[in-house]
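Coordinates in review
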Amino acid sequence: MIPLLAIAAWSGTGKTTLLKKLIPELCARGIRPGLIKHTHHNMDVDKPGKDSYELRKAGAAQTLVASKQRWALMTETPEEQELDLAWLVSRMDASKLDLVLVEGFKHDAVAKILLFRAAAGHSMSELTIDEHTIAVASDAALNIDIPVLNLNDPHEIVEFIVGWLSHRDN
């Protein structure tokens, strides 16, 4: 199974901003990351006017768009419950990945790094550290029993992730 690592925090804390810095550094270290991003919004990766959009809107339950550079599978799920993270990961090609980063899914039983940004409008007492939390990346000093990483130092966070991955393999 591909190792999963969630980056979890309140909205506005900088999850996407941090991931945009972590992913290239992980790639530079030879780690092939995948990503699953959870959203609470009604999202669409297709655009009105495109053939794939029009065919999907005509009633196709699944639409796969492919080119030499990439492919994407869109599946309509109007009547289904919230999707299960393990099921979503099972849709990914394990032969092409060393790690799946997960943005969101903070309540799932998956290893996670919590983010805490002092200016984001929450107090440290609101942090929900559970048995799956492997570290907290923060821009404020924290007195906790797990590693605290510098939220503003992506290199330090990548070093931690690389160490975590190597310990998982032993």
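Refer to the preceding data block for the structure.
Residues numbered from 1 in each chain as written. Predicted model: local features only at pLDDT ≥ 70, side-chain atom pairs only at ≥ 80, totals over all residues. Heavy atoms only, no water.

**A look at the pattern of salt bridges**
As enumerated under the stated definition, the model contains six salt bridges in all. The residue Glu 103 makes a salt bridge to Lys 37 at a minimum N-O spacing of 2.8 Å. On the criterion of sequence distance, the pair formed by Glu 103 in strand E5 (residues 99–103) and Lys 37 in strand E2 (residues 33–37) is long-range, its members being 66 residues apart. The residue Asp 93 makes a salt bridge to Lys 96 at a minimum N-O spacing of 3.8 Å. (Salt bridge = Lys/Arg side-chain N within 4 Å of Asp/Glu carboxyl O. Helix = DSSP H or I, 4+ residues; strand = E, 2+ residues; numbered from the N terminus.)

**Description of the packing of aromatic side chains**
This structure, assessed with the given rule, holds one aromatic pair. With a centroid separation of 6.5 Å and an interplanar angle of 75°, the aromatic rings of Trp 10 and Phe 116 are classed as edge-to-face. Placement of the pair is Trp 10 in the loop between strand E1 (4–8) and helix H1 (15–28) and Phe 116 in strand E6 (residues 112–116), with a sequence separation of 106 residues. Of the two residues, Trp 10 and Phe 116, both sit in the buried class. (Phe/Tyr/Trp six-rings, centres within 6.5 Å; stacked < 30°, edge-to-face > 60°. Buried < 20%, exposed > 50% of the residue type's maximum accessible area, 1.4 Å probe, protein only.)

**A look at H1**
Its 14 residues place the ends of H1 20 Å apart at the C-alpha level, agreeing with the 20 Å of an ideal helix rising 1.5 Å per residue. Turning to H1, its buried residues number three or more, namely Lys 15, Leu 18, Leu 19, Leu 22 and Leu 26. Across the axial projection of H1, the buried residues extend over an arc of 95°, all falling on one side. Turned more than 90 degrees away from the buried face of H1, the exposed residues are Lys 20 and Ala 28. Note on H1: the residue one or two positions beyond its end, Gly 30, has a positive phi of about 85°. (Expected span 1.5 Å × (residues − 1). Arc of directions from axis to C-beta.)

**Observations concerning the nonpolar core**
Core analysis: the largest hydrophobic core is formed by 25 residues, its most contacted members being Leu 5, Leu 99, Ile 113, Leu 115, Ile 157 and Ile 161. Every element with two or more residues in this core is listed here: E1, H1, E5, E6, strand E7 (133–138) and helix H4 (154–169). With seven residues, the single largest contributor to this core is H4. If sequence neighbours within four positions are ignored, Leu 5 has contacts with Leu 99, Val 100, Leu 101, Val 102, Val 110, Ala 111, Lys 112, Ile 113, Ile 134, Ile 161 and Trp 164. Grouped together as the second largest cluster of nonpolar side chains are 12 residues, Leu 88, Leu 97, Val 102 and Val 110 included. (Core = buried A, V, L, I, M, F, W, Y, C linked by side-chain atoms within 4.5 Å. Contact = heavy atoms within 4.5 Å.)

**What about the pairing of E6?**
Of all the five residues making up E6, five are buried; the element is thus mostly covered by neighbouring parts of the structure. Of the strand pairs in this sheet, E1 and E6 are connected by three bridges, and their pairing is parallel. Residue Ala 8 lies in a different strand from E6, and its bridge partner there is Leu 114. Summarising the sheet, E6 and E7 pair through five bridges and their orientation is parallel. By the bridge assignment for E7, Leu 115 is matched with Ala 137. (Pairing = 2+ DSSP bridges.)

Honestly, that's just the spatial picture; any functional story needs more than this.
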